[in-house]
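Architecture and fold: a report
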Amino acid sequence: MKSADIIQHYEEKIHELQAELNTYQKRCEQYAQAYDLLQHQLKELQRYRFGKKSERFIDPEHPQLSLLGDNASLFMDRDAAGMEIEDNIQIASHSRKKKNKPRKELPVRVEIIPVSEEDKQCSCGACKTVIRYETKKMMHHQQAVNEIIEQRREVVACSKGCDGEIVTAPAPLHVLPKVMATEEFLAFLIVSKLDDRQPLYHLEKQLRERYGIDCSRQTMARWLIDLMFPLKPIYNLLKDYVIDYDMASCDATTLQVLNEPGRLAETKSYVYCVRGGPPGKSVILYDYNEKLHKQFVKDWFLGFKGYLHVDGDNFFDLVGEFANLVNCNAHARRKFEPIAQGAKGKGLAKEALRFFKELYKIEREAKNNQLKPDQRHDLRQKKSKPLIYKFKQWLDEMYPTVLPQSPLGNAINYCIKLWPGLTRFLEDGRLEIDNNLTEQEIKPLVIARKNFLFAASVDGAKALCMHLGFIRTAKAHGLDPYHYYVKLLKGIPHCKTVEDYEKLLPWNITQSQAATGS
């Protein structure tokens, strides 16, 4: 063979070996990603089964860090990732929060326990007088009263027997005229199911065994569904307050509905929780949707202009065409938290959590000092904005060093992808750093769902959402949900204009008015 042929042969061999080496390198990367993912899943399962559920992060190496000073340098230099922070740790003195007394004042019934007549006589012959009382307060319970109200409408006729002179007293207006239950009983069912989290089959058994009332769960469910239609104007008015204000938030959770047309019973649908409304007229609503979630959210918020707190779910992509999405930093933090909990020693996930810890310290400072929105905006511009800028630099530098499909790579990519929304809270002091307040309003539904498990029909799911929204809005304005519902159900039949319905909104009713029904 000629030397040129030999050189060409070896060059071809080198290219083949190089291609084979590249293939093996890619396989090694895939195996490393798969191993990293499986290890992360294993640690998550072990933590879910045996560990703590708390997301609180306490760095064992640095239990306390300064607010911004020396720690900010962590996010400036890539080489600083995982390095020890030299910082003076000052432990504040322990203080215990004073428990808040219940806002609701219970009625007090005074019982006078007299001194016997014999003991009232003094040895000198005079009669002793009461100078004070030894007081003891005791909690008392009186069992609920369930009774049958028999309405008898008078029918009068002329005593002389004149034709056509028979008159019957008009029936009192009722929110559901054909239902054999008072507004108080309907309010009891709604509050028991959704606020007390009692499934209807529990209520059915309780009413039958304790009070001898035969009311099936199917009947109770039909009543709750039928109430949707007369209450719809109230729901629409509350929704208008959300749409007309320039700030709202939205979150979603799953709900199983058994009898959905064209869908299996095991298919999960979603309930959306929406918070909004101007100060003093805050609104909490829920709505149900089974499919086409992006379009549903867009249609729900049609006409809304302003800031919308959301998480990173793609359900909110279309609504972002006309609303400024404010993404949740708690969700971003949650991506790093399980990685940091499963890691030993130092690591990038712990560095990210240190950033969030510093950021939330600034938010806590604003809350503790009860800063107004303008003041909170100034504080964020002064302290949060520089810290966030340095964290973004740190993310950009760290991302090329991690496997893109690893849990840590996904966490960093999540922050980079949603960075405009994650930092939008800096634009307005009224905005929150996360969507936790809306998640807190999702929790009552989640806890109730653990008891009733599912909704039987689409109408049942929608009724559940409407009633829970009214209950949560009433409680947000300091109203007892039972008393508010009684007033609402009694007032609806008398409403003829929008102004009449407006009077039944929670902020237009005082607690005393709701309790007395006036």
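First, a word on scope: everything that follows refers to the structure included in this document.

Focus: the pairing of strand S5 (residues 283-289)
Burial of S5 is extensive: 7 of the 7 residues sit out of reach of the surface. Because side chains alternate across S5, one face comprises the buried residues Val283, Leu285, Asp287 and Asn289, and the other comprises Ile284, Tyr286 and Tyr288, equally buried. Here strand S4 (residues 268-276) runs beside S5; their pairing, made up of 7 bridges, is antiparallel. Across the sheet, the residue bridging to Val274 is Leu285, located in S5. What sits between the antiparallel neighbours S4 and S5 is a turn of 6 residues, in which Gly277 has the positive phi angle 95°.

Description of the pairing of S4
Here strand S3 (residues 247-259) runs beside S4; their pairing, made up of 9 bridges, is antiparallel. Considered in S4, the bridge of Thr254 is made with Tyr270.

Quick notes on the packing of helix H4 (residues 200-211) against helix H5 (residues 217-226)
Two elements in contact, H4 and H5, have axes whose closest approach is 9 Å; the angle formed by their N-to-C orientations is 120°. In terms of axis orientation, H4 runs oblique to H5. H5 is crossed by H4, and the crossing has right-handed handedness. For the pair H4 and H5, the contacting residues are Leu200, Tyr201, Leu203, Glu204 and Leu207 in the first and Arg217, Met220 and Ala221 in the second.

Considering the layout of surface pockets
Gaps left between atoms show up when a probe the size of a water molecule is rolled over them. Here the largest pocket is characterised by a volume of approximately 1700 Å³. Around the largest pocket sit 31 residues that line it, and Arg109, Val110, Glu111, Lys136 and Lys137 are the ones nearest its centre. A per-class count over the lining of the largest pocket returns 14 nonpolar, 5 polar and 12 charged.

Digging into empty space enclosed by the protein
Taken as a whole and assessed by the stated rule, the structure comprises 2 cavities of 30 Å³ or more. By volume, the largest cavity amounts to about 50 Å³. Around the largest cavity, the lining residues are Asn329, Phe355, Phe356, Ile388, Phe391, Cys415, Trp419, Leu422 and Thr423. Here the residues of the lining of the largest cavity are counted per class, giving 7 nonpolar, 2 polar and no charged. Around the second largest cavity sit Cys250, Tyr272, Val274, Asp287, Phe296, Val297, Trp300 and Phe301, which together line it. Of all the secondary structure elements, the ones that give two or more residues to the lining of the second largest cavity are S4 and helix H7 (293-300).

Rules behind the numbers
- Sequence positions are assigned chain by chain, starting from 1 and proceeding in written order.
- Where totals are concerned, whole chains, interfaces and linings use all residues; where local detail is concerned, this predicted model gives features only for residues with pLDDT of at least 70, and gives and counts side-chain atom pairs only at 80 or more.
- With hydrogens and water stripped out, all remaining heavy atoms of the structure feed into the side-chain values.
- For every residue, the accessible area obtained with a 1.4 Å probe (protein chains only) is divided by the maximum for its type, and the residue is called buried under 20%, exposed over 50%, and partly exposed between those limits.
- Strands are runs of DSSP state E lasting at least two residues, helices are runs of H or I lasting at least four, and both sets are numbered from the N terminus onward.
- The pairing criterion is simple: DSSP has to find at least two bridges between the two strands.
- Lines fitted to C-alpha atoms define the axes, with helix axes restricted to the stretch in contact, and inter-axis angles between N-to-C directions lie between 0 and 180 degrees.
- When describing relative orientation, an angle under 35 degrees is termed roughly parallel and one over 145 degrees roughly antiparallel, while 65 to 115 degrees is termed roughly perpendicular and anything else oblique.
- Rotating anticlockwise by less than a right angle from the far helix to the near helix defines a left-handed crossing, while the corresponding clockwise rotation defines a right-handed one.
- A contact between two residues is defined here by any heavy atoms of the two lying within 4.5 Å.
- In this analysis a 1.4 Å probe is tested at points of a 1 Å grid over the protein atoms alone, and where it fits but cannot get out there is a cavity; an open set with protein on both sides within 12 Å along at least five of seven lines is a pocket; lining residues have an atom within 4 Å of a point.
- Grid points are joined across faces, edges and corners, and a volume is the space filled by probe spheres set on the points.
- Residue polarity follows a fixed list, in which Ala, Val, Leu, Ile, Met, Phe, Trp, Tyr, Cys and Pro are nonpolar, Asp, Glu, Lys and Arg are charged, and the others, Gly among them, are polar.

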